[in-house]
Amino acid sequence: MTINTTTDTVKTPLAEWDLVITDANIATMDQRIAAPYGALEQAAIAIKDGMIAWLGKQSELPDFDVLATPTLSAKGQWLTPGLIDCHTHLVFAGSRAEEFEQRLQGVSYEQIAEQGGGIASTVRATRAADHESLFVTAKERLNTLFAEGVTTVEIKSGYGLDCENEIKLLEVARLLAEHHPVDIKTTFLGAHALPPEYLGRSDEYIDLVCGPMMAEVAAKNLADAVDAFCENVGFTRAQTQRVFAAAKQHNLPVKLHAEQLSNQQGATLVAEFNGLSADHIEYLDEAGIQAMAQAGTIAVLLPGAFYFLRETKLPPIALLQQYQVPIAIATDFNPGTSPLCSLHLMMNMACTLFRMTPEQALAGVTCNAAKALGLHDRGVLKVGARADIAHWQITHPAQLSYQFGVNKLLNLWILGRLH
């Protein structure tokens, strides 16, 4: 700060920023702002070194060097945090479209499985695929999400089901992170299903998951978290507990496919381990919700799987809200139960199928989705957060849930860089 001795006034140095976005309406999703969507109208936002350096009413924007600082007018359109898809199975090979057709013609899932279909067919195709082909197909799917304003994606393994191929899937996910602007978080899901070579020997397979598989995943730093499928057609609560205990030994946080088809008390288990999230949860009970609330475990709803499987049991949304459990929404993109690669469609389904509000849906793919991944630097537009910002040609944030199939994305910044 310098003193002008002629006028005896104090001159404040000009703010130094990398980009200033003006003339914006901002859905910050910041709960500290007492307005729907945490909205600030007639606002501006400044970016420095990939982070949000200033945000507020444009009338309060500090002085900055307008000649040296790039500026962009949002022209009264809306900015939101970059969207976050916190539950996907993005890396796999093959298609299950023929099985989809068979089921519609009356063939049961059990009959399809007996013919070698179901998840076993995806495992075969994925094991046969090399790194390059898996990378290419996964990148196409990631590009689809990216085009919708998605800036962070979680990718699970789970279609290799042996050491070599689970590692391969996680390596491809890490490779995507190196060659794509979207930020990737990886999850080891070795306990996704029982591979055919372990038929009737599920405990032995869990030995493999908890031992050599997880040890190699941890040694190569390939996973940010560990997941499992605790279900009557998956793994028991006791087996899942073993997986979580092994994850804890490797200092990896846990999450769980829980209560999708029945109540196996998986939500209480993941809460006991202070897990990040319980996902699906159509059959979740009040005791599970109480445990999640106490542990800070996030509820992740997957309306695509609910829709595709023609489920009728609704997740207990009112109870989740009563106990103030944050609700995230994700695509669950996978070849068998949710081959739907659109987070905007999930937002619409959350409103139409689950009767959530558009504000709740947007929170589900921003601030709450970030919490479901254990991330505290994104999902909200505020000073100090990552400058992951989506710019939409909309007149109200509710349009992002209301309309599907018309992409309203104008600009997308990830860590302050325009893509």
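For the structure, see preceding data.
Residues numbered from 1 in each chain as written. Predicted model: local features only at pLDDT ≥ 70, side-chain atom pairs only at ≥ 80, totals over all residues. Heavy atoms only, no water.

**Q** So what exactly am I meant to see when it comes to the overall build of the protein chain here?
**A** Of regular secondary structure, the protein chain possesses 15 helices and 18 strands. Over its C-alpha trace the protein chain gives a radius of gyration of 23 Å, about what one expects of a compact globule, namely 22 Å for 419 residues. Its C-alpha atoms give the protein chain principal-axis dimensions of about 90 × 40 × 40 Å. In the protein chain, which comprises 419 residues, the proportion classed as buried is 55%. Of the contacts formed within the protein chain by residues at least 6 apart in sequence, a portion of 70% connects residues at least 24 apart. Accessible surface for the protein chain amounts to roughly 17800 Å². Of this, 51% is attributable to carbon and sulfur atoms. For the protein chain, the separation between the mean place of its 30 positive charges and that of its 46 negative charges on side chains is 1 Å. (Helix = DSSP H or I, 4+ residues; strand = E, 2+ residues; numbered from the N terminus. Rg over C-alpha atoms; globule rule 2.2 N^0.38 Å. Buried < 20%, exposed > 50% of the residue type's maximum accessible area, 1.4 Å probe, protein only. Contact = heavy atoms within 4.5 Å. Areas by Shrake-Rupley, 256 points an atom, 1.4 Å probe, with all protein chains shown as cover. Lys, Arg positive; Asp, Glu negative; His and termini not counted. Charge placed at Lys NZ, Arg CZ, Asp CG, Glu CD.)

**Q** Help me understand the environment of I84 in this model?
**A** Relative to the helices and strands, I84 is located in strand β8 (residues 83-85). A residue is classified by how much of its surface remains accessible, and I84, at 0% relative accessible area, is buried. C-alpha of I84 to C-alpha of Q58: the two residues are 26 residues apart in sequence and 27 Å apart in space. If sequence neighbours within four positions are ignored, I84 has contacts with T152, I329, L343, V365, T366, A369, A370, L373, R378 and G379.

**Q** What am I meant to see in the packing of aromatic side chains here?
**A** Aromatic rings considered in pairs are described by the distance between their centres and by the relative angle of their planes. Applying the stated criterion to the full structure yields eight aromatic pairs. Their ring planes at 20° and their centres at 5.1 Å tell us that F100 and F308 sit as a pair that is stacked. Note that F100 is positioned in helix α1 (residues 97-104) and F308 in helix α10 (residues 303-308), a separation of 208 residues in sequence. Residue F308 is classed as buried on the basis of its relative accessible area, which comes to 16%. Between Y205 and F235, the aromatic rings sit 6.2 Å apart at their centres with planes inclined by 20°, giving stacked as the arrangement. Of this pair, Y205 sits in helix α6 (residues 202-219) while F235 sits in the loop between β11 (225-230) and α7 (237-249), and the two are 30 residues apart along the sequence. (Phe/Tyr/Trp six-rings, centres within 6.5 Å; stacked < 30°, edge-to-face > 60°.)

**Q** How should the packing of α6 against α7 be read in this particular structure?
**A** A pair of packed helices is characterised by two quantities: the angle between their axes and the separation of those axes. Direction vectors running N to C along α6 and α7 enclose 10°, while the axes themselves pass 10 Å from each other. In terms of orientation, α6 and α7 fall into the roughly parallel class. Here α6 contributes S202, D203, I206, D207, V209, C210 and M214 to the contact with α7, which in turn contributes Q239, R242, V243, A246 and A247. Here the contact of α6 with α7 is built from residues that sort into seven nonpolar, two polar and three charged. (Axes fitted to C-alpha atoms, helices over the stretch in contact; angles between N-to-C directions. Parallel < 35°, antiparallel > 145°, perpendicular 65-115°, else oblique. Nonpolar A, V, L, I, M, F, W, Y, C, P; charged D, E, K, R; others polar.)

**Q** What am I meant to see in unusual backbone geometry here?
**A** A negative phi angle characterises most non-glycine residues, just as the trans form characterises most peptide bonds. Its identity is not glycine, yet D23 carries a phi of approximately 55°, on the positive side. Positive phi, close to 50°, is recorded for E259, a residue that is not glycine. Note that E259 resides in the loop between β12 (256-258) and α8 (266-272).

**Q** Just checking my understanding: could you explain the sheet that holds β8 for this structure?
**A** Spatial ordering of the open sheet is given by β8-β9-β10-β11-β12-β13-β14-β15, a layout of eight strands whose pairing is parallel. Every other strand in the sheet has two partners, leaving β8 and β15 (327-329) as the edge strands with one partner each. In this sheet, neighbouring strand axes are inclined to one another by 25° on average, regardless of whether the strands run parallel or antiparallel. Along the sheet face, α6 touches β10 (183-191) and β11 and points at about 150° away from the line of β10. Running at roughly 175° to β11, α7 makes contact with β10, β11 and β12 of the sheet. (Pairing = 2+ DSSP bridges.)

**Q** Where do I start with the pattern of salt bridges in this structure?
**A** Counted according to the given criterion, the structure contains 17 salt bridges. Ionic pairing is found between E99 and R96, a salt bridge with its closest N-O pair at 3.0 Å. Across the pair, R96 and E99 agree in class, each one buried. The salt bridge involving E272 is made with R237; its shortest N-O contact spans 3.4 Å. With E272 in helix α8 and R237 in helix α7, this residue pair connects regions lying 35 residues apart in the sequence. (Salt bridge = Lys/Arg side-chain N within 4 Å of Asp/Glu carboxyl O.)

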